Amino acid sequence: MSTAALHKVSRTCLNSFKTSLIYTSSSKLHYGSSKEPNFGLLFDIDGVLIRGKKAIPAAKKAFKQKLVNKDGKFRVPTVFVTNAGNALAQTKAEQLSKLLEVEITSEQVMMSHSPLRMFDEFHDKCVLLSGQGPVDKIAERIGFQNTITIDQIRSAFPNLDMVDHQRRPKLPPHAPSDTFPKIEAVVLFGEPVRWETNLQLIIDILLTHGSLSDPIVETTDKHLPVLACNMDLLWMSESHMPRFGHGTFMHCLESVYEKMVGKPLTYTALMGKPSEITYMYAEQLIRKQSARMGLSAPVKTLYAIGDNPMADIYGANLYNKRIKEQQELTQPVTSQVQESHVESCHSVLVCTGVYSPQPGESPYQIPPVFHGPRDIEFDVNLCMPSYITKDANAALDVIFDLQKFPMTS
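All values derive from a computational prediction rather than experimental measurement. (Residues numbered from 1 in each chain as written. Predicted model: local features only at pLDDT ≥ 70, side-chain atom pairs only at ≥ 80, totals over all residues. Heavy atoms only, no water.)

*Asks:* Would you explain the overall build of the protein chain in this entry?
*Replies:* Counting secondary structure elements, the protein chain contains ten helices and 16 strands. When the 409 residues of the protein chain are sorted by exposure, 53% land in the buried category. A separation threshold of at least 6 residues defines the contact pool for the protein chain, and within that pool the share at least 24 residues apart is 77%. Just so you have it, the protein chain exposes about 18800 Å², and 52% of that area is on carbon and sulfur atoms. (Helix = DSSP H or I, 4+ residues; strand = E, 2+ residues; numbered from the N terminus. Buried < 20%, exposed > 50% of the residue type's maximum accessible area, 1.4 Å probe, protein only. Contact = heavy atoms within 4.5 Å. Areas by Shrake-Rupley, 256 points an atom, 1.4 Å probe, with all protein chains shown as cover.)

Here it is as structure tokens:
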């Protein structure tokens, strides 16, 4: 679709999408009476609650004044759904607790790789891990029992990583060990530090069907399973401009593989927003959180608060579409994944991250280029948020008002 056509659709959507309202701090809200919540909150992290290593002031205010009670306990089932995949959930929970000054448990944090727990058919296979941070420890916590890292491949096969002249072996390399295990699957946790190394070695694994001591296999009709987490093309850090995310690395991997083989790289599973698996798993966590809080009212509505139109907003709207259609996921998942039990999932776009309009800019328009992953369906209407607010604090005002939920305990 051309840029002009997209903008035409955008204007049409803005005129007809009557529920997409911009609330400000001056909006008149009714506080309602005290009642048990029958809704849940899915908070993105980067660009919504924090920027880099600092909490966004409005988010900190929202949590301390509205979302937790005087005892520091959450008043509403809340799960933090991030596309970050290079850290343990416990580490992220501790970071959030410190920055927001509220107690957040690891059971409330969903990393992009969390749904990998459901893919137990790969847990006993020898899998290659790509990413940065403690990816081996992360994989072990999820259930993987036999993992290989990129650095272990470099050590066993030093002649395979040749782009950086400074890292080439200084001495004649030893012969590759015949006992090096055969790789059976590849798991992409997140963007690596050295893209050229990871691109080279992952493609080597795919072209040799997991046996690096062997030559390239001529048959390329089917390659090893590839499971990918975090499809964000861009994300927001301390910089005033969005930065490359893991989706950009995946785009490079897909392009290089297809250029070399002549056929597209295929994924066994895609996790992280905007995938449906992510929201289905997040819904499960919300229900568990509700049970731990002792709530009797079933969760009927989800509100997904995010800053990225192509990840947070598109994903929530895509999940809401699936809820309405009552269709099961098309991804190959285990029986642990069940159909949704909620009635709707609304998207709330905040203006503190990837989407950060400047004063005087025109109202929200659908981005002219789809930044979503290659294998996620594109529906231009799913780019429109249900609600737009200036920050996380204003988002809670809107949601509590819609639910007739008291602003304070």
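*Asks:* I keep staring at helix H9 (residues 309–325) and nothing clicks. Help me out?
*Replies:* Residues spaced three or four apart along an α-helix point in a common direction, a consequence of the helix completing one turn every 3.6 residues. For H9, which comprises 17 residues, the first-to-last C-alpha distance of 22 Å matches the rise-based estimate of 24 Å (1.5 Å per residue) to within 8%. For H9, the buried fraction is high: 14 of the 17 residues fall into the buried class. Near the N-terminus of H9, the side chain that reaches the backbone nitrogen of Met310, with its oxygen 3.0 Å away, is that of Asn308. (Expected span 1.5 Å × (residues − 1). Polar contact = N/O pair within 3.5 Å; in protein donor to acceptor, adjacent residues only side chain to side chain.)

*Asks:* What is the right way to read the layout of surface pockets from this model?
*Replies:* Any empty space left between the atoms is revealed when a probe the size of a water molecule rolls over them. Within this model, the largest pocket holds a volume of roughly 560 Å³. Forming the boundary of the largest pocket are 31 residues, of which Asp46, Ala84, Lys92, Glu191 and Trp235 lie nearest the centre. Contributing elements (two or more residues each) for the lining of the largest pocket: helix H3 (89–100), strand S11 (234–235) and H9. Split by residue class, the lining of the largest pocket holds nine nonpolar, twelve polar and ten charged. Estimated volume of the second largest pocket: approximately 460 Å³. Forming the walls of the second largest pocket are 26 residues, and the residues nearest its centre are Pro309, Val354, Tyr355, Gln365 and Pro367. When residues of the lining of the second largest pocket are assigned to their parent elements, the largest contribution, three residues, is made by H9. Grouping the constituent residues of the lining of the second largest pocket by class yields 16 nonpolar, seven polar and three charged. (1 Å grid on protein atoms, 1.4 Å probe; cavity = no way out; pocket = protein on both sides within 12 Å on 5 of 7 lines; lining within 4 Å. Points joined across faces, edges and corners; volume = space filled by probe spheres on them. Nonpolar A, V, L, I, M, F, W, Y, C, P; charged D, E, K, R; others polar.)

*Asks:* What am I meant to see in the packing of helix H6 (residues 195–207) against helix H7 (residues 246–261) here?
*Replies:* Packed helices, taken two at a time, are described by their axes: the angle between them and the distance between them. Their axes nearest at 10 Å, the elements H6 and H7 cross at an angle of 45°. Looking at the two axes, H6 sits oblique to H7. H7 is crossed by H6, and the crossing has right-handed handedness. Seen from H6, the contacting residues are Trp195, Asn198, Leu199, Ile202, Ile203, Leu206 and Leu207; seen from H7, they are Thr248, Phe249, Cys252, Leu253, Val256, Tyr257, Met260 and Val261. (Axes fitted to C-alpha atoms, helices over the stretch in contact; angles between N-to-C directions. Parallel < 35°, antiparallel > 145°, perpendicular 65-115°, else oblique. Left-handed = near helix turned anticlockwise from the far one by under 90°.)

*Asks:* Can you help me understand the sheet that holds strand S9 (residues 185–188) in this one?
*Replies:* As a general point, the strands of a sheet are linked pairwise by backbone hydrogen bonds and lie either parallel or antiparallel. Strands sit in the order S8-S7-S9-S10-S13 across an open sheet of five strands; the sheet is parallel. What marks the edges here is a single partner per strand, and that holds for strand S8 (146–149) and strand S13 (269–271). Taken over all neighbouring pairs, the strand axes of this sheet differ in orientation by 20° on average, direction set aside. Sheet topology note: the strand S10 (residues 226–229)/S13 ladder contains three bridges and is parallel. From the neighbouring strand, Ala228 faces S13, where its bridge partner is Leu270. (Pairing = 2+ DSSP bridges.)

*Asks:* I'm lost on the pairing of strand S14 (residues 301–306) in this one. Help?
*Replies:* Side chains on a regular strand alternate between the two faces of the sheet. The buried count for S14 comes to six of six residues, which makes it a mostly enclosed element. The side-chain alternation of S14 yields two buried faces, one formed by Thr301, Tyr303 and Ile305 and the other by Leu302, Ala304 and Gly306. As judged from the five bridges shared by strand S2 (residues 39–43) and S14, these two strands associate in the parallel manner. In the sheet register, Gly40 faces S14, and the bridge partner there is Leu302. As judged from the six bridges shared by S14 and strand S15 (residues 344–350), these two strands associate in the parallel manner. If you follow Thr301 over to S15, its bridge partner there is Ser344.

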